[in-house]
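Tertiary structure, described
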Amino acid sequence: MTTERVPTPGNAVLLTLVGGIVVALVLTLLAGPTPGGVLLGADLAVAAVLRLVLPVRVAGALAVRSRGLDVAILLVLAVSCLVLAGVVPTPV
């Protein structure tokens, strides 16, 4: 008997966020650390909002711990990236 794997919406959420991280890394390579860091911080902030509003079944791999702790960790990481993006000097 074969069982079919049905893709869950959580996989799409995670793949979209990973895609945003890849774009942020490419932007860092092409345009410098400031725009890449801002985009990475924005991606982490979006992940925090998604974890806050989506149910666990849809959030998928974003749901690791309790909702409040996941959101707090993602927001701390987002703010850290945004602050570091503003502080790091852009090479000339």
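In this text, all values refer to a predicted model and were calculated from it rather than measured experimentally.

This brings us to the overall build of the protein chain. Helix and strand counts for the protein chain come out as four helices and zero strands. The order of α-helices and β-strands along the protein chain, N terminus first, is α-α-α-α. Its C-alpha atoms give the protein chain a radius of gyration of 16 Å, clearly above 12 Å, the size a compact globule of 92 residues would have. Taken over the C-alpha atoms alone, the protein chain extends approximately 60 × 30 × 15 Å along its principal axes. When each of the 92 residues of the protein chain is scored for burial, the buried share is 25%.

Enumeration over the complete set of coordinates arrives at two salt bridges. The salt bridge involving D70 is made with R65; its shortest N-O contact spans 3.8 Å. Residue R65 is classed as partly exposed on the basis of its relative accessible area, which comes to 46%.

Moving on, we get to the nonpolar core. Counting residues in hydrophobic clusters, the biggest one holds twelve residues: V13, L17, L44, A47, A48, L54, A59, L62, V71, L74, A78 and C81. Among the elements that line this core, the one with the most residues is helix α4 (residues 67–87), at four residues.

Rules of the game
- Residues numbered from 1 in each chain as written.
- Predicted model: local features only at pLDDT ≥ 70, side-chain atom pairs only at ≥ 80, totals over all residues.
- Heavy atoms only, no water.
- Helix = DSSP H or I, 4+ residues; strand = E, 2+ residues; numbered from the N terminus.
- Rg over C-alpha atoms; globule rule 2.2 N^0.38 Å.
- Buried < 20%, exposed > 50% of the residue type's maximum accessible area, 1.4 Å probe, protein only.
- Salt bridge = Lys/Arg side-chain N within 4 Å of Asp/Glu carboxyl O.
- Core = buried A, V, L, I, M, F, W, Y, C linked by side-chain atoms within 4.5 Å.

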